[in-house]
Amino acid sequence: MDSFDLPTFWIFTTLLMVLTAATVVGQMLRRQTELGVNPAVVEQFNLRVRSWWMLTAMLAVGFLLGPSVTVALFGGLSFWALREFITLTPTRIADHRTLFWVFFVFTPLQFYLVATGQYEVYSILIPVYAFLFIPARIALAGDFKRYLERCTTIQTGLMICVYCLSYAPALQSIPLKDAQPVRLLLFFFIIVALSDAFHYACEKLLGKHLIAPAISQNKTWEGFLGGLGCASLAGMALYWASPFRAPQAAMMAALISAMGYCGGLTMSAIKRDRGVKDYGTLLVGHSGVLDRIDSICFAAPVFYHATKYLVTQGLT
Amino acid sequence: MLEAITSKTMEAVSRALLVGFARFISGASVRYINCQPDTNQRIYFANHTSHLDALVIWSLLPHDVRMLTRPVAARDYWERGRLKPYLAKHVFGAMLIDRQNIKVHQSPVDLMLREIGDRYSIIVFPEGHRNTGSEIDEFKSGLYYLAKKRPDLELVPVHIDNLNRVLPRGEFLPVPLLSCVTFGPPIWLEAGEPKVEFLKKAREAVRKLKDV
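This is a predicted model, so every value here is computed, not measured. Sequence order sets the numbering: in each chain, residues are counted from 1 along the sequence as written. Working convention: letters from A go to chains and numbers from 1 go to ligands, in the order in which they are written. Reporting of local features is limited, given that this is a predicted model, to residues whose pLDDT is at least 70; pairs of side-chain atoms are given and counted only at 80 or more, and all residues count toward the totals for whole chains, interfaces and linings.

**A few points about the overall build of chain B**
Consideration 1: Only DSSP runs of H or I covering at least 4 residues are called helices, and only runs of E covering at least 2 are called strands; the numbering of each starts at the N terminus. Per the secondary structure count, chain B includes nine helices and seven strands.
Consideration 2: C-alpha atoms define the radius of gyration, and 2.2 Å times the number of residues to the power 0.38 defines the globule rule. In terms of overall size, chain B behaves like a compact globule, its C-alpha atoms giving a radius of gyration of 17 Å where 212 residues would be expected to give roughly 17 Å.
Consideration 3: The C-alpha extent of chain B, read off along each of the three principal axes, is 55 × 40 × 35 Å.
Consideration 4: Here the C-beta atoms are placed from the backbone, and a residue counts as buried if at least 20 other C-beta atoms lie within 10 Å of its own, exposed if 12 or fewer do, and partly exposed otherwise. Counting across all 212 residues of chain B, residues that qualify as buried make up 39%.
Consideration 5: Counting contacts in chain B only where the partners sit at least 6 residues apart, residues at least 24 apart contribute 74% of the total. Any residue pair is listed as a contact if its two C-beta atoms, each placed from the backbone, are within 7 Å.

**A look at the overall build of chain A**
Consideration 1: The secondary structure content of chain A amounts to twelve helices and zero strands.
Consideration 2: Starting at the N terminus and ending at the C terminus, chain A contains elements arranged as α-α-α-α-α-α-α-α-α-α-α-α.
Consideration 3: Here chain A has a C-alpha radius of gyration of 20 Å; the compact-globule value for 316 residues is 20 Å, and the two agree.
Consideration 4: Taken along its principal axes, the extent of the C-alpha atoms in chain A is 55 × 50 × 30 Å.

**Notes on the packing of helix α8 (residues 181-206) of chain A against helix α10 (residues 246-274) of chain A**
Relative placement of two packed helices is described by the angle separating their axes and the distance separating the axes.
Residue and element names in this part refer to chain A.
Consideration 1: At a minimum axis separation of 9 Å, α8 and α10 run at an interaxial angle of 60°. Considering the angle they form, α8 stands oblique to α10. As α8 packs across α10, the resulting crossing turns out to be right-handed. Across the interface between the two elements, Phe-188, Ile-191, Val-192, Ser-195, Asp-196 and His-199 of α8 pack against Ala-253, Ile-256, Ser-257, Gly-260 and Tyr-261 of α10.
Consideration 2: When residues are grouped by polarity, Ala, Val, Leu, Ile, Met, Phe, Trp, Tyr, Cys and Pro land in nonpolar, Asp, Glu, Lys and Arg in charged, and all others, Gly among them, in polar. Split into classes, the residues belonging to the contact of α8 with α10 amount to six nonpolar, four polar and one charged. Axis angles are defined between N-to-C directions and span 0 to 180 degrees, where every axis is a line fitted to C-alpha atoms and, for a helix, only to the segment in contact. Between 65 and 115 degrees an angle is taken as roughly perpendicular, under 35 as roughly parallel, over 145 as roughly antiparallel, and anywhere else as oblique. By convention the crossing between two helices is left-handed if the near helix lies anticlockwise of the far one by an angle smaller than a right angle, and right-handed if it lies clockwise.

**Structural notes on the interface of chain A and chain B**
Consideration 1: With 13 residues of chain A at the contact, the number on the chain B side is 13 residues.
Consideration 2: When residues of the side of chain A that touches chain B are traced back to their parent elements, those giving at least two are α3 (67-87) and α4 (96-115) of chain A.
Consideration 3: Split into classes, the residues belonging to the side of chain A that touches chain B amount to seven nonpolar, four polar and two charged.

**Overview of the environment of Glu115(B)**
All names here are of chain B.
Consideration 1: Here Glu-115 lies in helix α6 (residues 108-116).
Consideration 2: Owing to 14 C-beta atoms within 10 Å, Glu-115 belongs among the partly exposed residues under this scheme.
Consideration 3: Along the primary structure Glu-115 and Arg-70 are separated by 45 residues, whereas in three dimensions their C-alpha atoms are 9.7 Å apart.

**Digging into the nonpolar core**
Consideration 1: With 144 residues, the main nonpolar core has Leu165(A) and Ile256(A) as its most contacted residues.
Consideration 2: If we ignore the near neighbours within four places in the chain, the residues touching Ile256(A) are Phe188(A), Ile191(A), Val192(A), Ser195(A), Ala231(A), Ala299(A) and Phe303(A). By definition, a nonpolar core groups buried Ala, Val, Leu, Ile, Met, Phe, Trp, Tyr and Cys residues that are joined through C-beta atoms within 7 Å.

**Considerations on the sheet that holds strand β7 (residues 180-183) of chain B**
Residue and element names in this part refer to chain B.
Consideration 1: Pairing is mixed in the open sheet, where seven strands are placed in the order β1-β7-β6-β2-β5-β3-β4. Edge positions in the sheet fall to β1 (29-32) and β4 (95-97), since each of these pairs with one other strand and no more. In this sheet, adjacent strand axes meet at a mean angle of 25° when their direction is disregarded.
Consideration 2: Pairing between strands is defined by DSSP: at least two bridges between them are needed. With four bridges joining them, β1 and β7 adopt parallel strand pairing.

**Concerning the pairing of strand β6 (residues 154-161) of chain B**
Residues and elements named next belong to chain B.
Consideration 1: The buried fraction of β6 is high, at seven of eight residues.
Consideration 2: Strand direction decides the pairing type here: strand β2 (residues 42-46) and β6, joined by five bridges, are parallel. Counterpart to Ile-43 in the pairing with β6 is Leu-155.
Consideration 3: Note that β6 and β7 share four bridges and pair antiparallel. Among the inter-strand pairings, Ile-160 is bridged to a residue of β7, identified as Val-181.

**Quick word on the confidence of the model for chain B**
Consideration 1: By definition, pLDDT measures how confident the predictor is in each residue, and it falls between 0 and 100. Model confidence for chain B is summarised by a mean pLDDT of 88, while 97% of its residues fall at 70 or above.
Consideration 2: For this predicted complex, the interface confidence reaches an ipTM of 0.83, while the overall pTM sits at 0.87.

**Side note on the packing of α10(A) against helix α12 (residues 289-312) of chain A**
Residues and elements named next belong to chain A.
Consideration 1: One way to put it is that α10 packs onto α12 with a least axis distance of 7 Å and a crossing angle of 145°. Where α10 crosses over α12, the two elements pack in a sense that is right-handed. Residues Gln-248, Met-252, Leu-255, Ile-256, Met-259, Gly-260, Cys-262, Gly-263, Gly-264 and Met-267 of α10 form the contact with α12, whose own contacting residues are Leu-290, Asp-294, Ser-295, Cys-297, Phe-298, Ala-299, Val-302, Phe-303, Ala-306 and Leu-310.
Consideration 2: Across the contact of α10 with α12, the residue classes tally to 14 nonpolar, five polar and one charged.

**With respect to unusual backbone geometry**
Glycine aside, the phi torsion of most residues is negative, and most peptide linkages are trans.
Residues and elements named next belong to chain B.
Consideration 1: If you check the backbone angles, Asn-34 has positive phi at about 50° while not being a glycine.
Consideration 2: Within the fold, Asn-34 resides in the loop between β1 and β2.
Consideration 3: A tally of 9 C-beta atoms within 10 Å means that Asn-34 is categorised as exposed.
Consideration 4: In the Ramachandran plot, Asn-162 falls in the positive-phi region, its phi being about 80° despite a non-glycine side chain.
Consideration 5: With respect to the element layout, Asn-162 can be found in the loop between β6 and α8 (163-166).
Consideration 6: You can call Asn-162 partly exposed: it has 19 C-beta atoms within 10 Å.

**A word on the environment of Ala28(B)**
Residues and elements named next belong to chain B.
Consideration 1: Secondary-structure assignment places Ala-28 in the loop between α1 (2-26) and β1.
Consideration 2: Taking the number of C-beta atoms within 10 Å as the measure of exposure, Ala-28 has 25 and is therefore buried.
Consideration 3: Distance from Ala-28 to Glu-3, taken between C-alpha atoms, is 36 Å for residues 25 residues apart in sequence.
Consideration 4: Non-local contacts of Ala-28, meaning those with residues more than four positions away in its chain, are made with Arg-23, Val-56, Leu-60, Ser-179, Cys-180 and Val-181.

**A word on the environment of Trp78(B)**
All names here are of chain B.
Consideration 1: Residue position: Trp-78 is located in helix α4 (residues 75-78).
Consideration 2: Overall, Trp-78 belongs to the partly exposed group, with 19 C-beta atoms counted inside 10 Å.
Consideration 3: Remark: the alpha-carbon pair of Trp-78 and Ile-57, spanning 21 residues in sequence, is separated by 17 Å.
Consideration 4: Contacts of Trp-78, omitting those with residues within four sequence positions, involve Ala-73, Lys-84, Pro-85, Ala-88, Ala-94 and Leu-96.

Shown next as structure tokens:
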């Protein structure tokens, strides 16, 4: 275990404080009935807060035991999210062996490559090699019914649940001057969590104009822009913990917020298409991992590349 | 003496491992609809879509119920190889039924009833074979004779969803998707109820659980 440096300590403390505050607000909303807040929305919010606590615990364990443990924990998360995704997509029996490869070869391999820092390989493993492998393997199985649809859904699941999510632990491998690798990850998580919370708050308080009424009755322009604005202010306020200058930190937070929002919207569209409301509801007893990490999946790769660009160009 | 203890420990360990494996690989969530897990004698009857069915239902039962429940399985499948006979005999106590060689005095129903005595419950698949379609096939009459000879047994319908994608027919490597197992309210054989009616009712009881 490395000793804590001071900014890492403070950013971690901030994360704990934010989560505590969110928990308190969530519980108050649950008891409060005269405010007229939809109980289902409050329940959603509370579930999300709980999953943030679990992710924070995961990060803490990873910090104590080393970066490769963090990668492994994210690997487990990916595995579970992919289970949910594939369970709800209509694959056929002929895809069985392809799915076996997806679950037991591509997923572990991706996280192994992230853990060993082989960016040149893990950045193309799924977009190129899995992309070529999956259609070939399905064709080999000899069932052409809905062929393109099956290839696409499996590839999409792998991209969102495995490839994109693996960029979150990969943030630790960006070489920063005199900073612990875990700090960038903490900055990322705190912004995603805050941005989620701000989106909720702005939607409830200001929401009027729906972005895509057919896809989601909750997502409004006010929520999107309000969340974006609040998140960038939060990013600016926390710039000391990041490798960025204050305006850069604000831009980065806005980027994370926008991508996270797109993640939620995309998942809603997929769920609408499959005729379910939550990934959790069809599978009773499961909390629906995919419902909780959609914003991370979309924000992680973009944040990774933007940060890497700024750091390697020496602009920070 | 010592040997007996180690082999008992081995069995207990393998049993725990098998239960853990079955629960993990099937990702199964369990629902009890108007039905509670109980140690009284029952016949669990389910739709059959995968080799994992019996193992998964058995693993999902609470420990004390599980120890009193024995899956009924095909002898020709479970006596092949080395691992499967060990698992079937010592670990999950399967009741192996000969599918090819049915004699008058060795009918599967009599065999089952003799083996369960007044203590054990059993898991049966009245379709008689693994079904590859989406509809449940006609039930074979064994369930009717079981109910007729032992009217005191509770007949609990069980619906298994999505397990055929975890391990489809003809595959040997499982893919860890999520499945769902639903236990429904017990049914009984009414006095004088005709066989066909009863089997139809039983099949409907399983099918209904899909949409709950």
